[in-house]
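Descriptive structure summary
So the chains spell out like this:
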Amino acid sequence: MTQELIVQGGIPLHGSVRIKGSKNAGLPIIAAALLIDEPVVIEEVPDLLDVRTMLSVIESLGAVVDYDSNEERITINPKNLQSAEPPVDHMQKMRASFLVLGPLLARYGYARLSLPGGCAIGTRPVDLHLKGFEAMGVEFSYTSGLVEGKTGFLKGADVYLDYPSVGATENLIMAAVLAKGSTTIENAASEPEIVDLAGFLNSAGAKISGAGTKTIRINGVKQLGGTKYAVIPDRIEAGTFLLSAAVTGGEIIVNNVLAAHLKPLLAKMRETGVEIEETDLSAIRVRGSLDKKCVDLKTQPYPGFPTDLQPQFMSLLAASRGTGLVTETVFENRFRHIGGLLRMGADIQVEGSRAVVQGVKKLSGAPVEASDLRGAAALVLAALSAGGTSRITGLEHLWRGYSGFEDRLRSLGANLKVETNINLTWERAAGE
Ligand code: EPZ
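Cut-offs applied
Residues numbered from 1 in each chain as written. Predicted model: local features only at pLDDT ≥ 70, side-chain atom pairs only at ≥ 80, totals over all residues. Heavy atoms only, no water. Helix = DSSP H or I, 4+ residues; strand = E, 2+ residues; numbered from the N terminus. Contact = heavy atoms within 4.5 Å. Pairing = 2+ DSSP bridges. Axes fitted to C-alpha atoms, helices over the stretch in contact; angles between N-to-C directions. Core = buried A, V, L, I, M, F, W, Y, C linked by side-chain atoms within 4.5 Å. Buried < 20%, exposed > 50% of the residue type's maximum accessible area, 1.4 Å probe, protein only. Near = heavy atom within 4 Å. Areas by Shrake-Rupley, 256 points an atom, 1.4 Å probe, with all protein chains shown as cover. Phe/Tyr/Trp six-rings, centres within 6.5 Å; stacked < 30°, edge-to-face > 60°. Domains from an automatic or database assignment. Buried area = accessible area lost by both parts, 1.4 Å probe. Salt bridge = Lys/Arg side-chain N within 4 Å of Asp/Glu carboxyl O. Polar contact = N/O pair within 3.5 Å; in protein donor to acceptor, adjacent residues only side chain to side chain.

Moving on, we get to the environment of Gly 167. Along the chain, Gly 167 turns up in helix α6 (residues 166-176). Sequence separation between Gly 167 and Thr 75 is 92 residues, and the spatial gap between their C-alpha atoms is 23 Å. Those residues in contact with Gly 167 that sit more than four places away from it in its chain are Leu 99 and His 129.

Set out below in structure tokens:
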């Protein structure tokens with residue numbers, strides 16, 4: 001049973017769309033609920049596969065979870081946690097599950113969980129997480145893919161991150177909020193999602209300062225109290241919708257978006273000739289132009305251009321005039337969407353972490369397969385801009401990070417539908 005997204009491309013999108021809460025802020029905040037032994041309410045959390053996975057991980061530890069997916073509101077009561085050993089199968093589904101390590105070490109002084117496997121976009125080690133916890137007094141042992149951490153108590157420490165890792169910064173903040181003494185994280189990640197995690201924890205009584213800068217200070221407290229918190233809008237989803245108007249030469253208004261979180265994308269889109277207007281504090285109007293110019297792009301940690309929008313931006317460059325050089329500095333294998341773009345007639349040469357995009361006049365629809373979340377979004381954008389019909393498989397990747405994506409694109413005038421294809425499975429099996 002294979003599901004395919006069938007896209008009739010070449011239709012300029014028009015209308016308005018409201019951006020949902022941030023997946024990458026919501027996931028660490030759900031994990032952070034484990035630090036609190038009173039009920040918490042988290043709002044603006046979209047119904048995503050990754051959200052469901054993180055909720056199942058904390059439920060496996062004994063947290064009581066109620067998720068009203070229509071209201072996008074989660075109530076978590078972590079009072080009676082019974083375990084510090086999340087099941088391997090839960091952990092293997094999603095790398096972000098590793099974010100429960102900090103809370104468990106803070107709450108129990110113990111945790112045993114599986115090391116996250118690599119994924120489609122890279123090996124993605126967790127050495128920076130573990131090094132930071134060791135500085136806080138944790139001793140780790142490793143057996144067959146599991147890591148066990150023990151400490152009498154977590155003590156505050158000065159940690160320098162060799163790389164501004166988002167996950168390591170989040171994990172260490174969560175451990176430090178209940179540690180004895182104060183912790184400083186130098187060369188910390190400064191993404192808006194870090195600021196949101198700190199906002200959530202401070203609303204529960206934590207003492208965190210400097211989130212959003214390279215140096216974050218945390219004064220440990222004895223305990224945290226219940227709280228209610230709304231997650232920030234998802235800047236990557238917002239960027240994806242903005243690009244959907246640019247690639248189709250349409251005009252849309254994106255609501256519930258913080259333009260301050262998207263400065264590099266807006267600047268790059270303007271460079272290509274796309275018109276961007278920040279209509280008010282939380283809305284952006286974008287007008288695509290059929291004569292778009294290729295630009296160079298280099299992904300960096302925040303506030304640089306986000307790696308999570310590199311595949312989607314490449315779909316814009318693929319059918320723009322001239323040549324664009326795309327350099328991916330964050331992950332070592334984040335060009336897997338290029339195969340699908342080539343099948344649609346793109347002209348892209350990959351040399352290590354760089355891709356040279358020779359813009360073509362127009363892409364043409366083709367059957368393509370997605371292999372990771374943002375690559376899937378890139379293929380949808382390319383299909384929307386291409387002439388003719390595209391058939392996209394690997395939709396489980398798309399649904400990890402985009403809620404109601406097809407319906408919301410359809411509300412902007414896109415012609416697409418999801419088909420369940422039985423014989424495709426048969427053909428594929430026959431082919432194997
Ligand atoms: C977060 O992943 C996001 N995921 C990713 O979004 C995003 O691409 C990434 O940050 C970078 O912005 C969530 O927030 C759930 P990192 P994370 O630790 O925390 C290396 C999406 O599409 N590294 O900043 O895993 C690592 O290998 C996802 O929504 C180490 O070497 O990212 C990578 O090359 C994809 N050692 C680089 O740092 C470590 O201990 C960035 O990783 C940790 C990371």
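With that out of the way, let us pick up the sheet that holds strand β14 (residues 251-255). Strands sit in the order β2-β14-β16-β15 across an open sheet of four strands; the sheet is mixed. The outermost strands of the open sheet, each flanked by one partner alone, are β2 (14-18) and β15 (275-280). The sheet shows a mean angle of 20° between the axes of neighbouring strands, direction not considered. Sheet analysis places β2 next to β14, joined by five bridges and oriented parallel.

Within the largest apolar cluster, 78 residues are counted, with the highest numbers of intra-cluster contacts made by Leu 35, Ile 74, Ile 76, Val 177, Leu 201 and Leu 224. Excluding anything up to four places from it in sequence, Ile 74 contacts Ile 30, Val 40, Val 41, Ile 42, Val 45, Val 51, Leu 55, Val 65, Asp 66 and Tyr 67. Grouped together as the second largest cluster of nonpolar side chains are 68 residues, Val 254, Leu 297, Ala 366 and Leu 412 included.

Turning to the site of the ligand, a few remarks are in order. Around the ligand lies a shell of 22 residues, among which Arg 95, Asp 127, Leu 128, Asp 308 and Val 330 are the nearest. Calculation on the ligand without its partners gives an accessible area of 830 Å², and the protein chains cover 88% of this total. Going through the elements one at a time, α1 (23-32), α5 (127-135), α6 and α12 (373-385) are the ones with two or more residues in the shell around the ligand. In terms of residues, the shell around the ligand owes the most to one element, α5, which gives three residues.

With that settled, the discussion passes to the packing of aromatic side chains. Scanning all chains against the criterion turns up five aromatic pairs. Here the aromatic rings of Phe 305 and Phe 313 are separated by 5.5 Å at their centres, their planes lie at 75°, and the arrangement is edge-to-face. There is no split in this pair, since Phe 305 and Phe 313 are both buried. A connected cluster of aromatic rings, assembled from ring pairs, spans Phe 241, Tyr 402 and Phe 405.

To continue, consider the domain arrangement of the protein. Annotation of the protein at the domain level lists domain 1 (2-19 + 233-431) and domain 2 (23-230). Here domain 1 and domain 2 have C-alpha centroids that lie 30 Å from each other. Listed as interface residues are 24 residues of domain 1 and, on the opposing side, 20 residues of domain 2. Counting the surface lost from both domain 1 and domain 2, the interface buries some 1,800 Å², and carbon and sulfur atoms represent 49% of this. Together, Tyr 302, Phe 331 and Arg 400 form the three largest contributors to the area buried by domain 1 at its contact with domain 2, with a combined 30%. Counting across the domain 1 and domain 2 interface gives three salt bridges. For Arg 235, the salt bridge identified is with Glu 193, shortest N-O distance 2.8 Å.

This part takes up the environment of Lys 228. The residue Lys 228 is located in strand β13 (residues 228-230) in this model. Take Lys 228: its relative accessible area is 56%, and that puts it in the exposed class. Residues within four places of Lys 228 in sequence aside, it is in contact with Val 41 and Glu 43.

Among the 11 residues of α6, 10 are classified as buried, and the element is accordingly described as predominantly covered. Taken together, the buried positions of α6 are occupied by Gly 167, Ala 168, Thr 169, Glu 170, Asn 171, Leu 172, Ile 173, Met 174, Ala 175 and Ala 176. The N-cap of α6, judged by a side-chain oxygen 3.5 Å from the amide nitrogen of Gly 167 a few residues on, is Ser 165.

A word on the pattern of salt bridges. Two side chains of opposite charge can pair, provided their charged atoms sit close to one another. Counted according to the given criterion, the structure contains 26 salt bridges. A salt bridge links Asp 162 to Lys 131; its shortest N-O distance comes to 3.0 Å. One end of the pair, Asp 162, is in the loop between β9 (158-160) and α6; the other, Lys 131, is in helix α5, and 31 residues separate them in sequence. The salt bridge partner of Asp 407 is Arg 410, with a shortest N-O separation of 2.8 Å. In this pair, Asp 407 and Arg 410 are both assigned in helix α14 (residues 405-410), three residues apart and thus about one turn of the helix distant.

Cis rather than trans, the peptide bond between Tyr 302 and Pro 303 has omega equal to 10°. Tracing the backbone through its elements, the reader meets Pro 303 in the loop between β17 (297-298) and α10 (310-318). At Asn 187, a residue that is not glycine, the phi angle is positive and equals roughly 60°. Among the residues examined, Asn 187 registers a relative accessible area of 16% and is labelled buried. Not every positive phi belongs to a glycine, and Asn 256 is a case in point at roughly 60°.

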